[in-house]
Amino acid sequence: MRSLQAWSGAPFNTGDWTRTFVKEATYSRQIPNNDFECFNHWSRKASTRWIATEQRGTIPDGVVLTRTRTPVGSLFALTRFDEGQPVSLAEFSNERRISTRLALGLRALHDNPARFRLSLASDDECVVIVTRYLPPEETMVLHALGRVRDVTQHSLAVSLDRALVDPAVQVLSALGLKQDE
């Protein structure tokens, strides 16, 4: 029997996966251009997660997920910042799931995780509601936990047996999500 991780392709712990990815990336001191957007993983009250070049004044030192928009799509990279300025860059595959997982992981590592809610549907059923920007593999984990109840542009609701709530919370926490109080 295959494990949930092997079946879904999702990492067991998104924070650990992100730490390893950031550490093993090959950084170049050459930054092709300075016209990129930064993913705001550090601010809890961000009105938008992607910050345009001219709005980047408060970027913390360290690694930030960046993207450059091109006529054929977006190019993603990890960019190291020092004193608000980009100092090195590591390009990686343009697979959206990698950039989405890095965004999720960076938020989790900076104590600003994506959130999920639990609500009681009946005496024996609970509903988990998460934001929709999860990578496909993490979304598969939600499908494995229960029955998809509702999908909107911004959220996914999954019904599960109340007996599975504690294990589900542990799995979602390992994926980099935090339960709303």
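Because the structure is predicted, anything quoted here is derived from the model rather than measured.

About the cut-offs
Residues numbered from 1 in each chain as written. Predicted model: local features only at pLDDT ≥ 70, side-chain atom pairs only at ≥ 80, totals over all residues. Heavy atoms only, no water. Helix = DSSP H or I, 4+ residues; strand = E, 2+ residues; numbered from the N terminus. Contact = heavy atoms within 4.5 Å. Pairing = 2+ DSSP bridges. pLDDT = per-residue confidence, 0-100. Expected span 1.5 Å × (residues − 1). Buried < 20%, exposed > 50% of the residue type's maximum accessible area, 1.4 Å probe, protein only. Axes fitted to C-alpha atoms, helices over the stretch in contact; angles between N-to-C directions. Parallel < 35°, antiparallel > 145°, perpendicular 65-115°, else oblique. Nonpolar A, V, L, I, M, F, W, Y, C, P; charged D, E, K, R; others polar.

**Some points on the environment of Asp61**
Part 1 of the reasoning: On the secondary structure map, Asp61 appears in the loop between strand S2 (50-51) and strand S3 (62-70).
Part 2 of the reasoning: Sequence separation of Asp61 and Asp82 is 21 residues, and the distance between their C-alpha atoms is 4.8 Å.
Part 3 of the reasoning: In this structure Asp61 touches Phe81, Asp82, Glu83 and Gly84, once residues within four positions along its chain are discounted.

**A look at the environment of Ser99**
Part 1 of the reasoning: By the secondary structure assignment, Ser99 is in helix H3 (residues 96-109).
Part 2 of the reasoning: As for Ser99 and Val22, which are separated by 77 residues in sequence, their C-alpha atoms are 12 Å apart.
Part 3 of the reasoning: Residues contacting Ser99, with those up to four places away along its chain left out, are Leu65, Phe76 and Phe92.

**Notes on the sheet that holds strand S4 (residues 73-82)**
Two modes of strand pairing occur in sheets, parallel and antiparallel, and in both the strands are linked by backbone hydrogen bonds.
Part 1 of the reasoning: Read from one edge to the other, the open sheet built from five strands follows the order S2-S1-S3-S4-S5, with strand pairing classed as antiparallel. Unpaired on one side and paired on the other, S2 and strand S5 (85-91) mark the two borders of the sheet.
Part 2 of the reasoning: In the sheet, strand S1 (residues 37-39) pairs with S3 via two bridges, with the strands oriented antiparallel. Bridging from a neighbouring strand, Cys38 pairs with Thr66 of S3.

**Points about the confidence of the model for the protein chain**
Part 1 of the reasoning: Per-residue confidence for the protein chain gives a mean pLDDT of 84; residues scoring 70 or more make up 94%.
Part 2 of the reasoning: The secondary-structure element of the protein chain with the lowest mean pLDDT is helix H1 (residues 4-8), recorded at 67, while helix H2 (residues 14-24) shows the highest, at 92.

**Points about H3**
Part 1 of the reasoning: Over its 14 residues, H3 extends 20 Å from the first C-alpha to the last, a length consistent with the 20 Å expected when each residue adds 1.5 Å.
Part 2 of the reasoning: In terms of burial, H3 is a largely internal element, ten of the 14 residues being buried.
Part 3 of the reasoning: Turning to H3, its buried residues number three or more, namely Ile98, Ser99, Thr100, Arg101, Leu102, Ala103, Leu104, Gly105, Leu106 and Arg107.
Part 4 of the reasoning: Two residues or fewer past H3, Asp111 is found with a positive phi of approximately 55°.

**A short note on the packing of H2 against H3**
Part 1 of the reasoning: The contact between H2 and H3 brings their axes to 8 Å, and the two run at 105°. Classified by the angle between their axes, H2 and H3 sit roughly perpendicular to one another. Counting all contacts with H2, which are made through Thr14, Gly15, Trp17, Thr18, Arg19 and Phe21, the residues of H3 involved are Ile98, Arg101, Leu102, Leu104, Gly105, Leu106 and Leu109.
Part 2 of the reasoning: Residue composition of the contact of H2 with H3, by class: seven nonpolar, four polar and two charged.

**Here's the deal with the sheet that holds strand S10 (residues 177-179)**
Part 1 of the reasoning: Across the sheet, which stays open at both edges, the five strands sit in the order S8-S9-S7-S6-S10 with mixed pairing between neighbours. This sheet does not close on itself; its edge strands, each paired only once, are strand S8 (147-151) and S10. Strand-to-strand, the axes of this sheet are offset by a mean angle of 30°, without reference to chain direction.
Part 2 of the reasoning: The strands touched by helix H4 (residues 136-145) are strand S7 (125-131), S8 and strand S9 (155-161); relative to S9, the strand with the most contacts, the crossing angle is about 35°.

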